[in-house]
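Descriptive structure summary
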Amino acid sequence: MKEDSHLSAIDVNLLENIKSIVLKARSNAYQRINRELVLTYWEIGKEIAEAEKRNNIDYSTSRQIILKLSKLLTKEIGRGFSRSNLFNMRKFYLEYSSVQSLTGQSEVFQLSSIQLTWTHICELLIIEDKNKRSFYEKETVNSHWSIRELKRQIDSSLYERLLLSQGKSNKEKVLELSKKGQQLNKAEDILKNPYVFEFLGIPENKPLLEKDLESKLIRHIEDFLLELGKGFMFVGSQQRVTINNTHYYVDMVFYNKILQCYILIELKTTKLNIADGGQLNTYLNYYKTEVNDENDNPPIGIILCAEKDEITAEYILGGFENNLFASKYITVLPDKQKLIKEVENVMNISK
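First, a word on what this report is: a plain description of the structure on this page. Keep in mind the model is a prediction, meaning the values are calculated, not measured. (Residues numbered from 1 in each chain as written. Predicted model: local features only at pLDDT ≥ 70, side-chain atom pairs only at ≥ 80, totals over all residues. Heavy atoms only, no water.)

Points about unusual backbone geometry
Rules: Numbering goes from the N terminus for both helices and strands, where a helix is a DSSP run of H or I of at least four residues and a strand is a run of E of at least two. Per-residue accessibility, obtained with a 1.4 Å probe over protein chains only, is compared with the maximum for each type, and a residue is labelled buried under 20%, exposed over 50%, and partly exposed between these values.
Here the residue pair N193 and P194 is connected by a cis peptide bond, since its omega of 5° sits within 30 degrees of zero. Position of P194 among the secondary structure elements: in the loop between α9 (171-180) and β1 (195-196). Despite not being glycine, S157 shows a phi value in the positive range, around 60°. Residue placement: S157 occurs in the loop between α7 (147-155) and α8 (158-165). With relative accessibility at 0%, the residue S157 sits in the buried group.

See below:
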C-alpha cells in the first residue's frame, strides 16, 4: 500500500513536469512562428515600398499594382495575401522603416513579441497619431490584451480619457503615456473620467437603480475589471462594515496588486451629493484600521456617479485625509471626436 502511494505521487509529479515541458515548448514555438510571420510581412512591405520608390509609382498606380499582386500571390502561394493585407504590410514597413536590422532589439523585433500578433499590429496601424498608437502598443504588451480587449479600449477612447482624467493633458503627459503606457505610482493614477460601461447594454439616460447597476457590473465582471485598469482583483460586493453594532455595506471592493491597496467603490445613479464623500470616507477609515494588513497601503475610495461637476466635487471631496475621488460613468461609448477636441483644447491652454 505504501509503495502504491509512492508510485501515485511519482505519477502526479511526472505528469505535471511533462505537461510543463510541453506547454513551454508550445509557447516557445508559437513565439518563433509569430515572430517569423511578422518579420516576413515587414519584409514584404519593404519590397512593395521600395519597388514603388525605384519606379516612381504614385499611390493610385500602387493600388492597381497591389490588387494585381494580391491575385497572383493568392494563386501562387495561397491565402493571406488579400489586397488589404498587402496594404497593411506596406504601411507596416513605412511606419517602422527606421529599422536598420531585423535582429537584436530592433523596433520591429519588439513589435513581433508574443503579445502582438499580426492582427494586433493591423489594428494599431489604423491609428494615425503616433503617440496614441505607441500608447496602445505599450498597453497591449504590458496588460496582455487580446485583440478584442485592444479594440474595446480603442473604441472607448482610453488614451483621451486618461489624458483628461487628471487635468494633465499636456505635452509631457502625452510623451509619458506614449513611452511607458499607463503607470500606477499613486492613488490618482488609477482614475479615468469618464468610466465607460457600454458592455452593460444600457441605453443612455435610462433610469437605473443602484442595486441593478451593481448586479449588472458583477455579471460583467471581466469587462468591468478591464475598464477599471491593470492590477485590479475583485474582492466582493456589499462588503459589510460594522461600527458600534451597526452594519453598513460597501457596494464593491477590489484589491490592486500594483498599488497594494484596497479600492472601495460606491455606485451612485444620481449626481454627486454632499453625503457621498463622508459615507465613503468612513468606510476608508474602517478598512485602514480593521482590514488592512501591515503590508497594505492606505485604501482608495472612488464614487462612481451619473453626474459630477468639478466645483461641487472639490468642496465635497476636499479636506479628507484619505484618498477619495469621484468620477462620472457613462453607459454608451463616448463621442471620440469630442474627447479629442477636449484634449486639444487643454493642450492649447497648457502651452
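Notes on the environment of K179
Looking at where K179 falls in the secondary structure, it is placed in helix α9. K179 sits 41 residues away from K138 along the chain, and the two C-alpha atoms are 7.5 Å apart.

Regarding the pairing of strand β3 (residues 246-256)
Note the threshold: Strand pairing is assigned whenever DSSP identifies at least 2 bridges connecting the two strands.
As defined by bridge partners, strand β2 (residues 232-243) adjoins β3 across ten bridges and the pair is classed as antiparallel. Bridging across to β3, V241 finds its partner in Y248. Between β2 and β3, which follow one another and run antiparallel, lie two residues, and N244 among them has a positive phi close to 55°. Examined bridge by bridge, β3 and strand β4 (residues 261-271) share five bridges and lie antiparallel to one another.

Structural notes on the sheet that holds strand β5 (residues 300-307)
As a reminder of what qualifies: We call two residues in contact whenever any of their non-hydrogen atoms come within 4.5 Å of each other. Each axis is a line fitted through C-alpha atoms, and for a helix only the stretch in contact is used; angles between axes span 0 to 180 degrees, taken between their N-to-C directions.
Strand order in the open sheet formed by six strands is β1-β6-β5-β4-β3-β2, and the pairing between neighbours is mixed. The open sheet terminates on both sides in strands that have one partner only, identified here as β1 and β2. Summarising the sheet, β5 and strand β6 (residues 323-330) pair through six bridges and their orientation is parallel. Each residue of the ladder has a partner; that of G301, found in β6, is L324. Of the strands in this sheet, β2, β3, β4 and β6 touch helix α10 (residues 210-219), which is tilted by about 135° from β4. Most of the contacts of helix α12 (residues 274-291) go to β4, to which it runs at about 165°, and overall it touches β2, β3, β4, β5 and β6.

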